[in-house]
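The lines below spell out each chain.
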Amino acid sequence: MAFLLQSAYFQIWSNQFTLRNSTKYKYISALKKFEVFLLQNGFEGELDFDRFHASREHPGRFLPIQRQVFDRFFKDLKQHEHMTNMNLAATITVMRCFFEFLYEADLIQQNPLIGYPRPKFESPIQNTALSKAECLALLQAALHRSPFYRQEFVFLWFMLITGLRLSEVRFLKRKRVQLDTRIVHVFDAQKTEKRPVALPQDLTVDLERYIQHPEYLKYANQGDEYLFHQQGKILTVDKIKRILSDLTHDAGLSRHIRPHDLRRTAGYLMQTGGMSIIDIQHQLRHKNVGTTLRYVPPLNDLTKILEDT
């Protein structure tokens, strides 16, 4: 008996839902679980969240649905469905949003889930690092696309080696890159410590070649220009995404590569190169080493992630 999913509450919410279908499915899945829970606990009659609890002492009197109902519902999910804290938190979020909508739409007189707490959990960072073979394929594709100016090649190599965030690389000025000492000074850091980043010798040589190219010098501005620019202007995020998409296609890779995947790859490459976790933390400029540990996989998983070609 699908009384909740056939109710006016659900129909009005469904008609005004504007997010992706996959997100809507998650809402419906959680609401179905709540519906089953209510049936298993003896729910009868017409669904009315404002007149949900009948009074035994005073026939004809009713109370709105109480918070304790949801306490039992979430406890049931935890015990009988063995739901993890992460999935339970997602379910609580869905229910909170659904009842908030009902309240804001004046479909219920009070919201029983205002401020309802979610269990704490550590969200794992999905491993999206590139293998060494994929890195080489991308670099070769970039070199083939522009064998002389090599902007895309140097940009990609720079991202894979330094582990900088995309926003930091986009806004990086040429004067912040000290080729003589092989140091990059990052002042516009986001969510990271403002520490210098080291460059290897071979990348430094290619950077020197790149900034001396006539195409680069057309837009040089005494070091105040962006290190990676598009005719003197900052590279847009959409432009970088298109570059990665084109390189992925040219390299014959089937996966989708996002800019932040390059930062994660940098951490993995550092570890396979023998760097300690503390050194990787400094290079990635994480405030806490715990964040670095979430970026870098356990050593026994590395052979599956980065295989030598």
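So, here is what we can say about the structure in this document. (Residues numbered from 1 in each chain as written. Predicted model: local features only at pLDDT ≥ 70, side-chain atom pairs only at ≥ 80, totals over all residues. Heavy atoms only, no water.)

1. Section: the overall build of the chain
Stated precisely, the cut-off is as follows: Secondary structure counts use DSSP, requiring at least four H or I residues in a row for a helix and at least two E residues in a row for a strand, with both numbered from the N terminus. Just to be clear, the radius of gyration here is over C-alpha atoms, and the globule rule we use is 2.2 Å times residues to the power 0.38. Think of it in three bands: residues with accessible area under 20% of the maximum for their type are buried, residues over 50% are exposed, and the middle band is partly exposed, with areas taken using a 1.4 Å probe on protein chains only. Throughout, a contact is declared for two residues whenever any of their heavy atoms are within 4.5 Å. The Shrake-Rupley method, run with a 1.4 Å probe, gives the accessible areas here. Residue values count only the displayed protein chains as cover. Counted charges follow a simple rule, with Lys and Arg positive, Asp and Glu negative, and His plus the chain ends left uncounted. Throughout, a charge is located at the NZ atom of Lys, the CZ atom of Arg, the CG atom of Asp or the CD atom of Glu.
Of the regular secondary structure elements, the chain holds 14 helices and 7 strands. At 27 Å, the chain has a C-alpha radius of gyration far larger than the 19 Å of a compact globule built from 309 residues. Expressed along its principal axes, the backbone C-alpha trace of the chain runs to roughly 85 × 40 × 35 Å. Counting across all 309 residues of the chain, residues that qualify as buried make up 43%. Taking the intrachain contacts of the chain between residues at least 6 apart in sequence as the baseline, contacts between residues at least 24 apart amount to 62%. If you sum the accessible surface of the chain, you get close to 17,700 Å²; carbon and sulfur atoms cover 49% of it. Considering the chain, the positive charge centre built from 42 side chains and the negative charge centre built from 33 side chains are found 2 Å apart.

2. Some remarks on the packing of helix α2 (residues 21–40) against helix α4 (residues 85–104)
To keep things clear, this is the line we draw: Whenever a helix is involved, its axis is fitted only over the stretch in contact; in every case the axis is a line through C-alpha atoms, and angles between N-to-C directions fall within 0 to 180 degrees. Small angles under 35 degrees read as roughly parallel and large ones over 145 as roughly antiparallel, with 65 to 115 read as roughly perpendicular and the rest as oblique. Three residue categories are used. Nonpolar comprises Ala, Val, Leu, Ile, Met, Phe, Trp, Tyr, Cys and Pro, charged comprises Asp, Glu, Lys and Arg, and polar comprises the others, including Gly.
Remark: α2 packs on α4, axes separated minimally by 9 Å, with the N-to-C direction vectors making an angle of 90 degrees. Viewed along their axes, α2 and α4 adopt a mutual orientation that is roughly perpendicular. For the pair α2 and α4, contact is made by Lys26, Tyr27, Ala30, Leu31 and Phe34 and by Thr91, Val94, Met95, Cys97, Phe98 and Phe99, respectively. Looking at the contact of α2 with α4 residue by residue, the class counts come to 9 nonpolar, 1 polar and 1 charged.

3. Topic: the nonpolar core
Note the threshold: Here, the term nonpolar core denotes a set of buried Ala, Val, Leu, Ile, Met, Phe, Trp, Tyr and Cys residues that are joined through side-chain atoms within 4.5 Å.
Residues Phe158, Val184, Leu207, Tyr210, Leu227 and Phe228 are the most contacted members of the largest nonpolar core, which totals 41 residues. For this core, the secondary-structure elements that each account for two or more residues are α5 (132–145), α6 (151–162), α7 (166–170), α8 (201–211) and α10 (237–250). The biggest single contributor to this core is α6, with 8 residues. The contacts of Phe228, once residues within four sequence positions are left out, are Gln151, Val154, Phe155, Phe158, Val169, Leu207, Tyr210 and Leu235. Phe70, Phe73, Phe74 and Met95 belong to the second-largest nonpolar core, a separate cluster that totals 36 residues.

4. Quick notes on helix α12 (residues 277–284)
Quick note on the threshold: Comment: arc refers to directions from the helix axis out to C-beta atoms.
All of the buried residues along α12 are Ile280, Gln281, Gln283 and Leu284. Down the axis of α12, the buried side of the element spans an arc of 165 degrees, and every buried residue falls inside it. For α12, the elements touching its buried residues are α6, β5 (196–198), α11 (259–272) and α13 (289–295). Taken from the residues just after α12, Arg285 is the one with a positive phi, measuring 65 degrees.

5. Digging into empty space enclosed by the protein
We count it as follows: Think of a 1 Å grid over just the protein atoms. A cavity is a set of points where a 1.4 Å probe fits yet cannot get out, a pocket is an open set with protein on both sides within 12 Å along at least five of seven lines, and lining residues have an atom within 4 Å of a point. Grid points are joined across faces, edges and corners, and a volume is the space filled by probe spheres set on the points.
Within this structure, the stated rule accounts for 1 cavity of 30 Å³ or more. Along the walls of the largest cavity sit Gln151, Glu152, Phe155, Phe228, Leu235 and Ile243, which together make up its complete lining. Looking at the lining of the largest cavity element by element, the count peaks at 3 residues for α6. Class assignment of the residues belonging to the lining of the largest cavity gives a composition of 4 nonpolar, 1 polar and 1 charged.

6. Details of the sheet that holds strand β3 (residues 177–178)
Here is the rule we go by: Pairing between strands requires that DSSP locate at least two bridges from one strand to the other.
One open sheet accounts for 3 strands, arranged β3-β4-β5; its pairing is antiparallel. Each edge of the sheet is formed by a strand with only one pairing partner; in this case those strands are β3 and β5. Relative to β5, strand β4 (residues 183–185) is paired through 3 bridges, and the arrangement is antiparallel. Paired with Ile183 across the strands is Ala198, a residue of β5.

7. Things to note about the packing of helix α1 (residues 8–16) against α4
The packing of two helices is summarised by the inter-axis angle and the distance between the axes. Running from amino to carboxyl end, α1 crosses α4 at an angle of 95 degrees, the nearest separation of the two axes being 11 Å. Accordingly, the angle class assigned to the pair α1 and α4 is roughly perpendicular. Across the interface between the two elements, Tyr9, Ile12, Trp13 and Gln16 of α1 pack against Phe98, Phe101 and Leu102 of α4. Its residues assigned to classes, the contact of α1 with α4 shows 6 nonpolar, 1 polar and no charged.

8. Some words on unusual backbone geometry
Although it is not a glycine, Asp106 sits at a positive phi angle of roughly 60 degrees. Tracing the sequence through the fold places Asp106 in the loop between α4 and α5. Even without being glycine, Arg150 reaches a positive phi, approximately 60 degrees. Relative to the assigned elements, Arg150 resides in the loop between α5 and α6.

9. Here we look at the packing of aromatic side chains
Quick note on the threshold: Classification of ring pairs uses Phe, Tyr and Trp, with its six-membered ring standing for Trp, and accepts pairs whose centres are within 6.5 Å; under 30 degrees between planes counts as stacked, over 60 as edge-to-face, and the remaining range as tilted.
All told, the structure shown has 24 aromatic pairs when counted by the stated rule. Summarising the aromatic geometry, the rings of Phe34 and Phe37 are spaced 6.5 Å apart at their centres and angled 20 degrees between planes, so their arrangement reads as stacked. You can see Phe34 and its partner Phe37 sitting in helix α2, 3 residues apart, about one turn around the helix. Each member of the pair Phe34 and Phe37 is classed as buried. Seen from their ring centres, Phe70 and Phe99 are 5.1 Å apart, and the 85 degrees between their planes marks the pair as edge-to-face. You can see Phe70 sitting in helix α3 (residues 67–80) and its partner Phe99 sitting in helix α4, a full 29 residues away along the chain. Under the relative-accessibility criterion, Phe70 is labelled buried at 0%.

Note that every value here comes from positions in space, so none of it alone points to a role or purpose.
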